[in-house]
Structure formats: structure tokens, C-alpha cells
Amino acid sequence: GLNDMIFVKGRCIKELLFMIYDRWGQIVFETIDKNIGWDGAYNNQPLNSAVFVYYLKAIRDNGEEYLEKGNITLLK
């Protein structure tokens with residue numbers, strides 16, 4: 001019940017792009033809505049434990065752009 005989904009959280013987010021890739025570079029999750037999170041599935045099928053790469057681009061209300069890339073470990 002804990003950490004079953006990953007969301008982008010933050011104040012004053014005007015625009016958002018959040019993408020998660022598998023180790024082969026295939027997009028397994030993509031959203032532009034901070035209220036939609038990833039549950040560790042792709043095409044409604046749960047994925048196996050693995051390391052995934054994320055890309056986050058957010059633009060705040062004041063126009064400031066925030067970029068981040070990193071890894072997410074999915075554990076089952």
C-alpha cells in the first residue's frame with residue numbers, strides 16, 4: 001500500500017512532461033498531468049522488477065523551467 005504509484009508533486013506547476021523509459025529506451029509511461037501517476041505497469045500489464053529511467057520537464061507559473069533525469073527502481 002505504500003509507494004504503489006509515483007507522481008510529480010509541486011506547487012505552481014503550469015506545464016509538465018514526465019516520461020519513464022525501460023532499459024531499451026522504450027517509453028513505458030508518459031503524462032502531462034501531475035494528477036496521473038505511474039503504477040509500474042505498461043499496457044495495463046505489471047512490469048517485472050527493474051531499473052527505469054525518468055525524464056521530467058516542468059514549467060512553473062513564473063516561467064521558470066525545471067529539468068531532471070534519473071533512475072527509478074521498480075520492486076515487486
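Quick summary incoming for the structure in this document. Please read all numbers here as calculations on a predicted model, not as lab measurements.

### What about the sheet that holds strand β2 (residues 27-31)?
Working definition: the strands of a sheet are paired by backbone hydrogen bonds and lie parallel or antiparallel to each other.
Right, so step 1: With antiparallel pairing, 4 strands are arranged side by side in an open sheet as β2-β1-β5-β6. This sheet does not close on itself; its edge strands, each paired only once, are β2 and β6 (65-74). This sheet shows a mean twist of 15° between the axes of neighbouring strands, independent of strand direction.
Right, so step 2: One ladder, built from 10 bridges, connects strand β5 (residues 50-60) with β6; its direction is antiparallel. Bridge assignment links alanine 50 to a residue of β6, and that residue is leucine 74.

### Topic: the nonpolar core
Right, so step 1: By size, the foremost hydrophobic cluster in this structure holds 13 residues, and its most contacted members are Phe18, Ile20, Trp38, Phe52, Tyr54 and Leu56.
Right, so step 2: Contributions of two or more residues to this core are made by β1 (13-21), β2, β5 and β6.
Right, so step 3: Per-element tally for this core: the top contributor is β5, with 4 residues.

### A few points about the layout of surface pockets
Empty space among the atoms becomes visible once a probe the size of a water molecule is rolled across them.
Right, so step 1: Considered as a void within the structure, the largest pocket measures approximately 220 Å³ in volume.
Right, so step 2: Contributing to the lining of the largest pocket are Asn3, Asp4, Met5, Ile6, Trp38, Asp39, Gly40, Ile72, Thr73, Leu74, Leu75 and Lys76.
Right, so step 3: Tallied by class, the residues present in the lining of the largest pocket amount to 6 nonpolar, 3 polar and 3 charged.

### Considerations on the side chain of threonine 31
Right, so step 1: In this structure, threonine 31 sits in strand β2.
Right, so step 2: On the accessibility criterion, threonine 31 (6% relative accessible area) is buried.
Right, so step 3: At 3.0 Å, the side chain of threonine 31 forms a polar contact with the backbone nitrogen of aspartate 33.
Right, so step 4: Among residues more than four places away in sequence, those in contact with threonine 31 are Leu16, Leu17, Phe18 and Ile36.

Cut-off values and rules
Residues numbered from 1 in each chain as written. Predicted model: local features only at pLDDT ≥ 70, side-chain atom pairs only at ≥ 80, totals over all residues. Heavy atoms only, no water. Pairing = 2+ DSSP bridges. Helix = DSSP H or I, 4+ residues; strand = E, 2+ residues; numbered from the N terminus. Axes fitted to C-alpha atoms, helices over the stretch in contact; angles between N-to-C directions. Core = buried A, V, L, I, M, F, W, Y, C linked by side-chain atoms within 4.5 Å. Buried < 20%, exposed > 50% of the residue type's maximum accessible area, 1.4 Å probe, protein only. 1 Å grid on protein atoms, 1.4 Å probe; cavity = no way out; pocket = protein on both sides within 12 Å on 5 of 7 lines; lining within 4 Å. Points joined across faces, edges and corners; volume = space filled by probe spheres on them. Nonpolar A, V, L, I, M, F, W, Y, C, P; charged D, E, K, R; others polar. Polar contact = N/O pair within 3.5 Å; in protein donor to acceptor, adjacent residues only side chain to side chain. Contact = heavy atoms within 4.5 Å.

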